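Observations on the model geometry
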Amino acid sequence: DGAEALDYLYRRGAYGDRTEGHPAVVLLDLKLPKVDGIQVLESVKADENLRSIPIVMLTTSREEKDLVRSYNLGVNAYVVKPVAFKEFLSAVQDLGVFWAVLNE
């Protein structure tokens, strides 16, 4: 959920003792429980220590307002995920390859 994602990134709560450093990329969904993906994105991009973390919005929403809002808040990529599980796994794998090999 979004609250746990923020705890992880800010190294607090259950993640207070995790090793320092940031993830290579964060995948968010717009519809996370507790704290939604937009709120997580806003928090990360507003924080000087976290804003350089690349964030990919991985969601089922094809609504232009969600896409525009995400990019206005600083998301690095917006990917509409497939509904079928097998296709979803393939899309996540493709994203991993893109981020690890092609993205600069």
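Below is a short write-up of the structure.

Parameters and conventions
Residues numbered from 1 in each chain as written. Predicted model: local features only at pLDDT ≥ 70, side-chain atom pairs only at ≥ 80, totals over all residues. Heavy atoms only, no water. Pairing = 2+ DSSP bridges. Helix = DSSP H or I, 4+ residues; strand = E, 2+ residues; numbered from the N terminus. Axes fitted to C-alpha atoms, helices over the stretch in contact; angles between N-to-C directions. Buried < 20%, exposed > 50% of the residue type's maximum accessible area, 1.4 Å probe, protein only. Arc of directions from axis to C-beta. Contact = heavy atoms within 4.5 Å. Polar contact = N/O pair within 3.5 Å; in protein donor to acceptor, adjacent residues only side chain to side chain. Patch = residues over 30% accessible without salt bridge, like charges linked within 9 Å, V, L, I, M, F, W, Y side chains within 5 Å. Areas by Shrake-Rupley, 256 points an atom, 1.4 Å probe, with all protein chains shown as cover. Salt bridge = Lys/Arg side-chain N within 4 Å of Asp/Glu carboxyl O.

1. What about the sheet that holds strand β3 (residues 77-80)?
Across the sheet, three strands lie side by side as β1-β2-β3; this open sheet has parallel pairing. Here the strands that pair on one side only, and so sit at the sheet edges, are β1 (26-28) and β3. Neighbour to neighbour, the strand axes of the sheet diverge by 25° on average, direction disregarded. Bridge analysis of strand β2 (residues 55-59) against β3 gives four bridges, and the strand direction is parallel. Residue pairing across strands places Val 56 opposite Ala 77, the latter belonging to β3.

2. Some points on helix α1 (residues 2-10)
Within an α-helix, residues lying three or four positions from one another point in the same direction, as the helix has 3.6 residues per turn. Those residues of α1 lying buried are Gly 2, Leu 6 and Leu 9. Burial along α1 is one-sided: seen end-on, the buried residues are contained in an arc of 65°. Turning to α1, the residues buried within the fold contact β1 and α2 (37-46). For α1, the N-terminal cap is Asp 1; the gap from its side-chain oxygen to the backbone nitrogen of Ala 3 is 3.0 Å. Downstream of α1 by a residue or two, Arg 11 has a phi angle that is positive, lying close to 55°.

3. Details of a nonpolar patch on the surface
A contiguous nonpolar surface patch, about 240 Å² in accessible area, is contributed by Leu 67, Val 68 and Tyr 71. Looking at the secondary structure, you find Leu 67 in helix α3 (residues 64-72). Classification of Leu 67 as partly exposed rests on a relative accessible area of 32%.

4. Considering the environment of Val 79
In this structure, Val 79 sits in strand β3. Using a relative accessible area of 21% as the deciding quantity, one classes Val 79 as partly exposed. Linking Val 79 and Val 92, residues 13 residues apart in sequence, is a C-alpha distance of 9.7 Å. What Val 79 contacts, discounting residues up to four positions off in sequence, is Val 56, Met 57, Leu 58, Thr 59 and Leu 95.

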